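Residue-level structural notes
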Amino acid sequence: CPIEPCVDTNAYCEQYGDDSCTNPLTRLWAYQNCLAHCGLCDNYGFYWSLNPSATRSAEGQTSQLLATFSAGNFQRAPTAKQMLEYVPNAGIRLVNVSSSDLGIYTVHVKVEVNGSEEEHVQEVILAEPESLPTNYTGVLDARLLPEAVLDESTGDWHAQISCGDFTDPEQTSLSVTWTAPSGNKLDGSDYRNGRFLLTLPNPVETGDYSCQVERHPSARSCGGVASALLEKATVTVKAVDVQLAILTARVEILEKDNSELRQENDNLRQQLKQSGSSGS
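Let me sum up the structure you'll find in this document. Just so it is clear, the structure is predicted and the values come from calculations on it, not from any experiment.

Turning next to the environment of Ala-239. Tracing the sequence through the fold places Ala-239 in helix H3 (residues 239-279). Taking relative accessible area as the criterion, Ala-239 reaches 43% and is therefore assigned partly exposed.

Following this line, the structure appears as C-alpha cells:
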C-alpha cells in the first residue's frame, strides 16, 4: 500500500547540523527522526523480521519476514500472522498482541549513500510482561496518613502521604512519580509495608497531590499490560488535616511518655515499699 513516508518525527530537526544527517554514527537516527530535513526520502528502504525465540541462543529457530518498505510502498509479508501497521520512520505497530508474537524483532534499514548501499540494524525484544501488581481493593489509593512524623535532626514535624496499599510488602518492580499541586515533581518517596510514602516538606503546599505508579523500565523488552493500579491517584492535602496529623502524633508521644512515667513511678513505689518492709 502506498504511503507518505517523508516526515520528521523529531520536532527539533531544524536545529541539528548537516553532520547529523551524513555522519555514519547518526545515519540510522537521521532516518528514524529527521527523514525530510535530511533529504533522505528517496533513497531508503527497510524490512522487519521476527525470531520467535525469546533468546538469541535458541537453536532451530529461523527468522520470519514480517514487512518491507520500498519505493514508498509498505507491504505486509503474506506469511506474517501479525496484524501490522506502518509507523514513521522505519517502524511498525503490532495490533492485538498475543503470546505468539513474542520474540526478537529486527529492522534492517538500507540506505544509499554516495552511490553505495549501507545497512543499519536494530533489535528489540518483545517479552512476556511481568505479573500485574495487586492490592487489597483493585484500585490505586492515595491518602494523607493520620499521624505526622518527627525529624529528630531538626525537631520539625512533617505530614506524610501514601500511595498503593499493595499486597507485596517488598515490591521491587514498581516505581512512583509524585506531582505537587504546583505541578512540580517530588522525589524522596520510599516503599514500606505495601505503600509508597512521601514526606512533605515544611511549610506544606496544600492542594491536590497525585501519584503515578509505573513498572521499572526494561532496556530490552516491551509489551506492557494495562492495569488500574498503573494509573493515577489523587489526595487533597488541607492545612487543617496536616495540623490534625501533627497534633495526633504529639498526643501519642505524650501518652507514651506519660505511660512510661507512670511505670517508673510504680516501680519507685514498689522499691520504697520493699525497702520499708525489710527495714522493719
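The topology assignment puts Pro-88 in the loop between strand E4 (83-87) and strand E5 (91-95). Taking the C-alpha atoms as reference points, Pro-88 and Asp-8, 80 residues apart in sequence, are found 8.3 Å from one another. With residues near it in sequence (within four places) discarded, Pro-88 still touches Val-7 and Thr-9.

Moving on to the sheet that holds strand E15 (residues 195-199). The strand order E8-E11-E15-E14 describes an open sheet built from four strands, whose pairing is antiparallel. Because the sheet does not close on itself, it has two edges, and the strands there are strand E8 (142-144) and strand E14 (190-192). With strand direction ignored, the average angle separating the axes of adjacent strands in the sheet is 30°. As paired elements, strand E11 (residues 160-164) and E15 share five bridges and run antiparallel to each other. Paired with Ser-162 across the bridge in E15 is Leu-197.

Turning to the packing of aromatic side chains, a few remarks are in order. Using the criterion set out here, one finds three aromatic pairs in the structure. Here Phe-166 and Phe-196 contribute two aromatic rings whose centre-to-centre distance is 6.4 Å and whose plane-to-plane angle is 85°, an arrangement assigned as edge-to-face. You can see Phe-166 sitting in the loop between E11 and strand E12 (174-179) and its partner Phe-196 sitting in strand E15, a full 30 residues away along the chain. Residue Phe-166 is classed as buried on the basis of its relative accessible area, which comes to 2%. Plain terms: the ring middles of Tyr-191 and Phe-196 are 4.8 Å apart, the flat faces sit at 70° to each other, and that makes the pair edge-to-face. Taken together, the ring pairs in this structure connect Phe-166, Tyr-191 and Phe-196 into an aromatic cluster.

Residue placement: Thr-179 occurs in strand E12. Only 3.0 Å separates the side chain of Thr-179 from the side chain of Lys-185, close enough to count as a polar contact. Setting aside residues no more than four positions away along its own chain, Thr-179 makes contact with Asn-184, Lys-185, Asp-208, Tyr-209 and Ser-210.

Our next topic: the nonpolar core. Side chains of nonpolar character tend, in soluble globular proteins, to be buried together. In terms of nonpolar packing, the biggest core is built from 29 residues, with Phe-46, Trp-48, Leu-66, Phe-74 and Val-109 touching the most fellow members. Mapped onto this core, the elements with two or more residues apiece are helix H2 (27-33), strand E1 (44-51), strand E2 (64-70), E4 and strand E6 (103-113). Here this core gets four residues from one element, more than from any other, and that element is E6. If near-sequence neighbours (up to four positions away) are discounted, Trp-48 is found in contact with Gln-64, Leu-65, Leu-66, Ala-67, Ala-90, Gly-91, Ile-92, Tyr-105, Thr-106 and Val-107. Of all hydrophobic cores here, the second largest spans 27 residues; its members include Leu-140, Leu-174, Leu-200 and Val-235.

So, how was this worked out
- Residues numbered from 1 in each chain as written.
- Predicted model: local features only at pLDDT ≥ 70, side-chain atom pairs only at ≥ 80, totals over all residues.
- Heavy atoms only, no water.
- Helix = DSSP H or I, 4+ residues; strand = E, 2+ residues; numbered from the N terminus.
- Buried < 20%, exposed > 50% of the residue type's maximum accessible area, 1.4 Å probe, protein only.
- Contact = heavy atoms within 4.5 Å.
- Pairing = 2+ DSSP bridges.
- Axes fitted to C-alpha atoms, helices over the stretch in contact; angles between N-to-C directions.
- Phe/Tyr/Trp six-rings, centres within 6.5 Å; stacked < 30°, edge-to-face > 60°.
- Polar contact = N/O pair within 3.5 Å; in protein donor to acceptor, adjacent residues only side chain to side chain.
- Core = buried A, V, L, I, M, F, W, Y, C linked by side-chain atoms within 4.5 Å.

Treat this as a map of the structure, not an account of what it does.
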